[in-house]
Amino acid sequence: MSTTTTEALSATTLLRFATAGSVDDGKSTLVGRLLHDSKSVLADQLEAVERASLSRGQEGPDLALLTDGLRAEREQGITIDVAYRYFATPRRRFILADTPGHVQYTRNMVTGASTAELTVILVDARNGVVEQTRRHAAIAALLRVPHVVLAVNKMDLVGYREPVFAQIAKEFTAYATELGVPEVTAIPISALVGDNVVEPSAHMDWYGGPTVLEHLETVPVSHDLAHCHARLPVQYVIRPRSAELPDYRGYAGQIAAGTFRVGDEVTVLPSGRSTTITGIDLLGKPVDIAWTPQSVTLLLADDIDISRGDLIVPAKDAPATTQDLEATVCHVADEPLTVGHRVLIKHGTRTVKAIVKDIPSRLTLDDLSLHPHPGRLVANDIGRVKIRTAEPLPADSYSDSRRTGSFILIDPGDGTTLTAGMVGESFAAPEPVKDDAEDDGWDF
C-alpha cells in the first residue's frame, strides 16, 4: 500500500457496526456482498469461495462463505460465532461484526453489538418482523446503539413490491420507537443479486434512499469519547525499582473515556483519596495530555494505595460509589439467573463478589410489557436486576458511559459469563416495586 493511500485511510473516520437477524435472513450473504462489491476481497479468497461453492453444487460463488469460517457454520449454512471483518472505502474505515441469527446464539449478538455505533438488522421480506427481529431490536436499544438500519432482504422473492417493504418498515419502526431507538433507516435490498447493497437497484425505482454502503459511509459517527467523563481503570502498577528509575511508581491502563492532563486534580475510587497528575507516559515518552482510547501510565503527586481495579477520575467529576446496583441485563448463560444467586461481578478491571437480591421484572418481547418478579431469567431473557456487591463500585449510568456503566456477572465456580448488564434506567425499567427486605441479611 502506498504512503498516500495509508495517509488517506488514517484520515478517514472509523465506523464499528454489527449485523443481526433471524436464521436464513441473509446476514452473511449481505456481508459477503458488501466485501465483494466494495472490492475488499482478495483474489485468492474469492477463488477459495468459488471452489467451495462448486464442490457444494452451486453455480455461482456463495458469498456467505466469506464470513462463515467455522466448519460447522459452512456445513449447516448458519452463523454460530461472531465473525469480525475489517475493510475500507475511500470515505471510511469499517470494523464489522457478523453475529448469529439462531436464538441459541443470541448471546453472541450482545458481544458483537456492545461496541457498535450502528446495527444492521435484516428481515426476510417473505416473513416480515418475527420474534428474533424484536429480540435483536431490543438488544440494540438496550446497548444504546445510536443508529439502526432495517435491511428488508430478499425483495427479489416478493417481486420487488413496494407495499411489502412499506408494511415491514412501518411495523419495525413503530416497535423500535417504543424501545427508544433514536434512529431507524429502512432499506429494501437483495443481498444475493446485489440490489441496493453497494449499487442502486434497477428493479426498485420507487425507492429513492441510499444503498447500504452509501448509508454506512455517510451516517454521522459521534463516538468522540474524548469529551465524555474522564475515566481510567487501573490495569497495572508499574514499579521498575531499577538504578535508572529507583522511585518510579506509575499507574497503567487504557483510558475508557475523556481526557487527562498533567496538573489535573484526580480522585482514586473506591478509596476517595485525591491527588494531582504530575506526569503522563505514552509509549515510553512523557506527554502533557492523553485521551481515550490511548493506553497510558499516570504519575501522581502522592503515594496512595492504588491497585488493579481502582478507577482514576477527575476530582470534580467522580461517580458515586455504591454496593447496590440496579441494572437492565441480558442473560446469556444456559444456567438460569435466580434471586439469591451468588456471583462475581466484573466492572472495568475490578472483580468482586456479589449476590442477586431481586429480579423485579422480565421484558416480554411481543408487546414490551413487563412480567413482574419472574424469580429467574433464562438464556436470552432481558430484565431488571438488583445486585448487592461485597465492595463498593464506582459505576456510571450506562446512558452516560457505555464503558464504565456496563458489567458482566460471572459464575464463581467455573468462570462462565452469566449475564451482561447495563447500570441505570432503560426501556425495561419497571414500575417502582416496594422492597420490604431492602437491607436484610445480604452478607458475604
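Conventions adopted
Residues numbered from 1 in each chain as written. Predicted model: local features only at pLDDT ≥ 70, side-chain atom pairs only at ≥ 80, totals over all residues. Heavy atoms only, no water. Helix = DSSP H or I, 4+ residues; strand = E, 2+ residues; numbered from the N terminus. Buried < 20%, exposed > 50% of the residue type's maximum accessible area, 1.4 Å probe, protein only. Contact = heavy atoms within 4.5 Å. 1 Å grid on protein atoms, 1.4 Å probe; cavity = no way out; pocket = protein on both sides within 12 Å on 5 of 7 lines; lining within 4 Å. Points joined across faces, edges and corners; volume = space filled by probe spheres on them. Nonpolar A, V, L, I, M, F, W, Y, C, P; charged D, E, K, R; others polar. Core = buried A, V, L, I, M, F, W, Y, C linked by side-chain atoms within 4.5 Å. Pairing = 2+ DSSP bridges.

Asker: How should I be thinking about the overall build of the protein in this particular structure?
Answerer: Scanning the protein from N- to C-terminus turns up eight helices and 25 strands. For the protein, buried positions account for 51% of its 444 residues. Of all intrachain contacts in the protein linking residues separated by at least 6 positions in sequence, the fraction that spans at least 24 positions is 69%.

Asker: When you look at empty space enclosed by the protein in this model, what are you seeing that I'm missing?
Answerer: Rolled over the atoms, a probe sized like a water molecule indicates the empty space that remains. Under the defined criterion, the tally for this structure stands at one cavity of 30 Å³ or more. Approximately 80 Å³ is the volume found for the largest cavity. Considered class by class, the residues forming the lining of the largest cavity number four nonpolar, five polar and three charged.

Asker: When you look at the nonpolar core in this model, what are you seeing that I'm missing?
Answerer: Where a protein is soluble and globular, its nonpolar side chains tend to be buried together. In this structure, F17 and L34 are the most contacted members of the largest nonpolar core, which totals 68 residues. Per element, the largest residue contribution to this core is eight residues, and it comes from helix α7 (residues 162–179). Each residue touching F17, except ones within four places of it in the same chain, is listed here: L34, F87, F94, I95, L96, A97, A116, L118, V120 and L216. Ranked by size, the runner-up nonpolar core spans 20 residues in total, among them L325, A327, V329 and I359.

Asker: In this structure, what is going on with the pairing of strand β2 (residues 83–89)? I would like to understand it.
Answerer: Walk down a regular strand and you will see the side chains alternate between the two sheet faces. In this structure, β2 lies alongside strand β3 (residues 92–98), joined through seven bridges in antiparallel fashion. For Y86, the partnering residue across the bridge sits in β3 and is I95. Taking the residues that link successive antiparallel strands as the turn, the β2-β3 hairpin has two residues.

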